[in-house]
Amino acid sequence: MMFVKLVVNVRRCSCYPESFRQQRIGTQEDLRVDGRGCEDYRCAEVETDVVSNTSGSARVKLGHTDILVGVKAEMGTPKWERPDEGYLEFFVDCSANATPEFEGRGGDDLGTEIANTLYRIFNNKGSIDLTSLCISPREHCWILYVDVLLLECGGNLFDAISIAVKAALFNTSIPKVRVLEDEEGSKDIELSDDPYDCIRLNVENVPCIITLSKIGYRHVVDATLQEEACSLASLLVSVTSKGVLTCLRKVGKGSLDPESIFEMMETGKRVGKVLHASLQTILQKEENLGPKRQKVGFLG
Amino acid sequence: MAMEIRLPVARQRLPESLDRDTQKHLVVPGDTITTDTGFMRGHGTYMGDEKLIASVAGSVERVNKLICVKALKTRYNGEVGDIVVGRITEVQQKRWKVETNSRLDSVLLLSSMNLPGGELRRRSAEDELAMRDFLREGDLISAEVQAVFSDGAVSLHTRSLKYGKLGQGVLVQVSPSLVKRQKTHFHDLPCGASVILGNNGFIWIYPTPEQREEEAGGFIANLEVPLSDREVISRLRNCIVSLVAQKMMLFDTSLLYCYEASLSHQIKDILKPEIMEEIVMETRQRLLEQEG
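Just so it is clear, the structure is predicted and the values come from calculations on it, not from any experiment. Going along each chain's sequence as written, the residues are numbered from 1 onward. Each chain is given a letter, starting from A, and each ligand a number, starting from 1, according to the order in which they appear as written. Only residues with pLDDT of at least 70 get local features here, since the model is predicted, and only at 80 or more are side-chain atom pairs given and counted; chain-wide, interface and lining totals rely on the full set of residues. Note: side-chain values were computed over all heavy atoms of the structure, leaving out hydrogens and water.

## What to know about the overall build of chain A
Here's step 1: Labels follow the DSSP assignment, with helices taken as runs of H or I lasting at least four residues and strands as runs of E lasting at least two, numbered in each case from the N terminus. Scanning chain A from terminus to terminus reveals 4 helices and 16 strands.
Here's step 2: The cut-offs for exposure are 20% and 50% of the maximum accessible area for each residue type, with area from a 1.4 Å probe on protein chains only; residues under the lower value are buried, those over the upper are exposed, and the others partly exposed. Among the 300 residues that make up chain A, the fraction classed as buried is 52%.
Here's step 3: In this analysis, two residues are considered to be in contact whenever any of their non-hydrogen atoms come within 4.5 Å of each other. Of all intrachain contacts in chain A linking residues separated by at least 6 positions in sequence, the fraction that spans at least 24 positions is 69%.
Here's step 4: Accessible surface for chain A amounts to roughly 14600 Å². Of this, 50% is attributable to carbon and sulfur atoms. All accessibility values rest on the Shrake-Rupley procedure with a 1.4 Å probe; residue burial counts only the protein chains present in the view.

## Here we look at unusual backbone geometry
Glycine aside, negative phi is the norm for most residues, and most peptide bonds take the trans geometry.
Here's step 1: Even without a glycine there, the phi angle at Asn156(A) is positive, about 60 degrees.
Here's step 2: Tracing the backbone shows Asn156(A) in the loop between strand E8 (140–152) and helix H2 (157–171).
Here's step 3: Located in the positive-phi region is Asp49(B), a residue other than glycine, with phi close to 60 degrees.
Here's step 4: The residue Asp49(B) is located in the loop between strand E5 (45–48) and strand E6 (51–54) in this model.
Here's step 5: Given the relative accessible area of 68%, Asp49(B) is considered exposed.

## What about the pattern of salt bridges?
Here's step 1: Criterion for a salt bridge: a side-chain nitrogen of Lys or Arg within 4 Å of a carboxyl oxygen of Asp or Glu. Counted according to the given criterion, the structure contains 26 salt bridges over all chains.
Here's step 2: For Glu137(B), the salt bridge identified is with Arg132(B), shortest N-O distance 2.7 Å.
Here's step 3: By relative accessible area, Arg132(B) is classed as partly exposed at 39%.
Here's step 4: Salt bridges sharing common partners tie together Arg32(A), Asp34(A), Arg36(A), Arg42(A), Asp222(A) and Glu227(A).

## Quick look at helix H3 (residues 227–245) of chain B
Here's step 1: Here the expected span of a helix is defined as 1.5 Å times the quantity of residues minus one. For H3(B), which comprises 19 residues, the first-to-last C-alpha distance of 27 Å matches the rise-based estimate of 27 Å (1.5 Å per residue) to within 8%.
Here's step 2: Once H3(B) ends, the next one or two residues include Lys247(B), with phi positive near 55 degrees.

## Examining the sheet that holds strand E16 (residues 245–251) of chain A
Residue and element names in this part refer to chain A.
Here's step 1: Here, strands pair whenever DSSP counts at least two bridges between them. Spatially, the 4 strands line up as an open sheet ordered E14-E13-E15-E16, and their pairing is antiparallel. The open sheet terminates on both sides in strands that have one partner only, identified here as strand E14 (218–221) and E16. For this sheet, the mean inter-axis angle between neighbouring strands, taken without regard to orientation, is 25 degrees.
Here's step 2: Sheet topology places strand E15 (residues 233–239) next to E16; 6 bridges connect them, and they run antiparallel. Residue Val239 lies in a different strand from E16, and its bridge partner there is Leu245.
Here's step 3: To obtain an axis, a line is fitted to C-alpha atoms, over the contacting stretch when the element is a helix, and the angle between two such axes runs from 0 to 180 degrees between their N-to-C directions. In the packing of helix H1 (residues 108–121) onto the sheet, the strands contacted are strand E13 (208–215), E15 and E16, and the crossing angle to E16 comes to about 150 degrees.
Here's step 4: Each of E13, E14, E15 and E16 is contacted by helix H4 (residues 258–288), which is oriented at about 140 degrees to E13, the strand it contacts most.

## Digging into the confidence of the model for chain A
Close inspection of predicted coordinates is inappropriate in any region flagged by low pLDDT.
Here's step 1: Looking at chain A, the pLDDT average stands at 84 and 90% of residues meet or exceed 70.
Here's step 2: Contacts of residues 1–28 of chain A to residues separated by more than four positions or lying in other chains number 95 contacts, the stretch itself having pLDDT below 50. Confidence scores labelled pLDDT are given residue by residue by the predictor and lie between 0 and 100.

## Describing the packing of H3(B) against helix H4 (residues 252–262) of chain B
Relative orientation and spacing of two packed helices are given, respectively, by the angle between their axes and the distance between those axes.
All names here are of chain B.
Here's step 1: Contact geometry for H3 and H4: axes closest at 9 Å, N-to-C directions at 110 degrees. Between H3 and H4, the angle falls in the class roughly perpendicular. Of the two elements, H3 crosses H4, and the hand of that crossing is right-handed. Contact with H3, carried on its side by Val232, Arg235, Leu236, Cys239, Ile240 and Leu243, involves Ser254, Leu255, Cys258, Tyr259 and Ser262 of H4 and no other residues of that element.
Here's step 2: Side-chain classes follow a simple rule in which Ala, Val, Leu, Ile, Met, Phe, Trp, Tyr, Cys and Pro form the nonpolar group, Asp, Glu, Lys and Arg form the charged group, and the remainder, Gly included, forms the polar group. Residue composition of the contact of H3 with H4, grouped by class: 8 nonpolar, 2 polar and 1 charged. For classification purposes, angles smaller than 35 degrees are called roughly parallel, those larger than 145 roughly antiparallel, those between 65 and 115 roughly perpendicular, and all remaining angles oblique. Left-handed describes a crossing whose near helix is turned anticlockwise from the far helix by less than a right angle; the clockwise case is right-handed.

## A short note on a negative patch on the surface
Here's step 1: Residues enter patches when their relative accessible area tops 30% and they take part in no salt bridge; the joining distance is 9 Å for like charges and 5 Å for the nonpolar side chains Val, Leu, Ile, Met, Phe, Trp and Tyr. Asp and Glu count as negative and Lys and Arg as positive, but His and the ends of the chain are not part of the count. All charge positions are set by atom: Lys at NZ, Arg at CZ, Asp at CG, Glu at CD. There is a patch of like negative charges on the surface, built from Glu181(A), Asp182(A), Glu183(A), Glu184(A) and Asp188(A).
Here's step 2: One can find Glu181(A) in strand E10 (residues 177–181).

## Thoughts on the sheet that holds strand E18 (residues 202–207) of chain B
Residue and element names in this part refer to chain B.
Here's step 1: The strand order across the open sheet formed by 4 strands is E15-E18-E17-E16, and the pairing between neighbours is antiparallel. Bordering the open sheet on either side are strand E15 (170–173) and strand E16 (186–188), each of which pairs with just one other strand. Averaged over neighbouring strand pairs, the angle between their axes works out to 20 degrees when direction is ignored.
Here's step 2: Of the strands in this sheet, E15, strand E17 (193–197) and E18 touch H3, which is tilted by about 160 degrees from E18.

## Some details on the nonpolar core
Here's step 1: Residues belong to one nonpolar core when they are buried, are Ala, Val, Leu, Ile, Met, Phe, Trp, Tyr or Cys, and are joined through side-chain atoms within 4.5 Å. Core analysis: the biggest nonpolar cluster contains 69 residues, and Leu88(A), Val165(A) and Leu169(A) have the highest contact counts within it.
Here's step 2: Examining the composition of this core, we find that 11 residues originate from one element, H2(A), more than from any other.
Here's step 3: With residues up to four places along the chain from it excluded, the contact list for Val165(A) reads Val69(A), Phe90(A), Leu118(A), Phe122(A), Val146(A) and Val148(A).
Here's step 4: Listed in part, the 34 residues of the second largest apolar core include Val170(B), Ile205(B), Cys258(B) and Ile275(B).

## Things to note about the packing of aromatic side chains
Here's step 1: Between rings of Phe, Tyr and Trp, where Trp is taken as its six-membered ring, a pair exists when centres lie within 6.5 Å; planes separated by under 30 degrees are stacked, by over 60 edge-to-face, and by other angles tilted. Across all of its chains, the model carries 3 aromatic pairs over all chains by this definition.
Here's step 2: Summarising the aromatic geometry, the rings of Phe90(A) and Tyr119(A) are spaced 5.4 Å apart at their centres and angled 85 degrees between planes, so their arrangement reads as edge-to-face. With Phe90(A) in strand E6 (residues 87–94) and Tyr119(A) in helix H1, the pair connects residues that are 29 residues apart, well separated along the chain.
Here's step 3: Exposure remark for Tyr119(A): the relative accessible area of 31% places this residue in the partly exposed category.
Here's step 4: Relative to Phe186(B), the ring of Tyr163(B) has its centre 5.9 Å away and its plane inclined at 45 degrees; by these criteria the two rings are tilted. Pair noted here: Tyr163(B) is in the loop between strand E13 (154–158) and strand E14 (164–165) and Phe186(B) is in strand E16, with a separation of 23 residues, a long-range link.
Here's step 5: A relative accessible area of 21% means that Phe186(B) is categorised as partly exposed.
Here's step 6: Every member of this aromatic cluster is reached through a ring pair, and the members are Phe90(A), Tyr119(A) and Phe122(A).
Here's step 7: Above the plane of the ring of Tyr87(A) lies Lys79(A), whose end atom (NZ or CZ) is 4.5 Å from the centre.
Here's step 8: Criterion for a charge above a ring: Lys NZ or Arg CZ within 6 Å of the ring centre, and within 35 degrees of the ring normal. We note Arg286(B) situated over the ring of Tyr257(B); from NZ or CZ to the ring centre the distance is 3.9 Å.

## With respect to a nonpolar patch on the surface
Here's step 1: On the surface, Met40(B), Val63(B) and Leu66(B) cluster together to form a nonpolar patch covering roughly 270 Å² of accessible area.
Here's step 2: Along the chain, Met40(B) turns up in strand E4 (residues 40–41).

Written as structure tokens, this is what we have:
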């Protein structure tokens, strides 16, 4: 068990010159300030299909962190090096609503960092089947524009964003198209008349990011803002539902021992499997409620 | 290890029967308070179109002919005699700047601070150079408001043995309007922890010190806190957060009732929405019973 606690200590803060610094002393008990254990997440709320003019959307609330993701499917030309695949484009907007530091261009750096991380975790063959997004090789394919909007910042952004992206991709429905070929050889794309005739994406292997923050001698999952301020180094582990790691990234100015990196990876895989299982259950449950379910949206 | 994901549920309005007999007149910015021109305008109101209109969101208070609107969520407005908990942000020449969730940083003058050992003498140049040894940036202190400057900035003092630097504990930041004004803001709760309910919305929960020996104005920092104390403190912290989420006033009795109501649940479960509502409902019931 580990207790991470706020300590205002007489002599030990001398090495940190910043004003609002709090140092936590971790002992061997497993009790954080809000009573959670080191591997417990805060209570999360997920709702899909909240934005009507997107192909798929999701909103995730993890404690005080609020993320909205919208996916729009548009037709375009495939990339040169991958002619028979569609692709995903990520854009992260850190809104000034989240925290005053994001005013003006303050949130751009964080936005690019998150977007680059999302590109990296999806940058492998297994995560999402891009060949299903191809309409006709070298000519037409579906491009999924994934837009992430940070509504409120309450710690643990990467986790919440990856959960929201997975939920939004699950909710995405791409219209079915047929390519008709004329006698002259010119191709015409026909959209089906039925608006509910669409293909859904298989998000079984879409990874989720688990952030492990090192505080004292132990690491914690799902750090709040205060815990993040006390943690000098964190490890972002991107895990699929089967426990396969797709990406590993270290953030923070502190250093991490190779032993602790191994431990954190193991914790990340363990927690990741539980996270995927819970997410899948809730998405399935929401799907089963059907189109008549009560949508809470933003005014609930 | 647990991960609970759920579908959102629309919040329900509280049943009217639970409100007190005197209904509060709640307004939002732009609401008309009254069209009667005989009243004097107080804070939070302005005159427009022959009507008195509210400029902040809160409850209307009327004292004889004066109408003002007391905002629900606001910065702390200092008043002489208030107890505050603040964080040192800067160490300046003869003063410390303290952050107390108000519009301007509060000021703690070197002459308003107790020297260790309780000596009374004029502060010298050596004291000025040694300021950082007493309090440095990032330290938390409890102090009392001595005076309010004309621009609204607050001047603090720690001229009593019960004020001074705070040791180990947990800080919870809430809106200042939720802290009830009482005779004393330092409470030793029977559950095993002590709490300082700062008027500025900063609430400090710490383990009850065992013996009250000769206190040097709060410069001792106890390092080891046993697990049982930590659990009590975590539980109290979660209770405060749930009371604040349901917009209940914070004072020692409400805190104690909430703590007792939460004992049947695990500490980390208190923050779940349905358990939070249940606990606060029980607290409300007990407070109503106690009043009437």
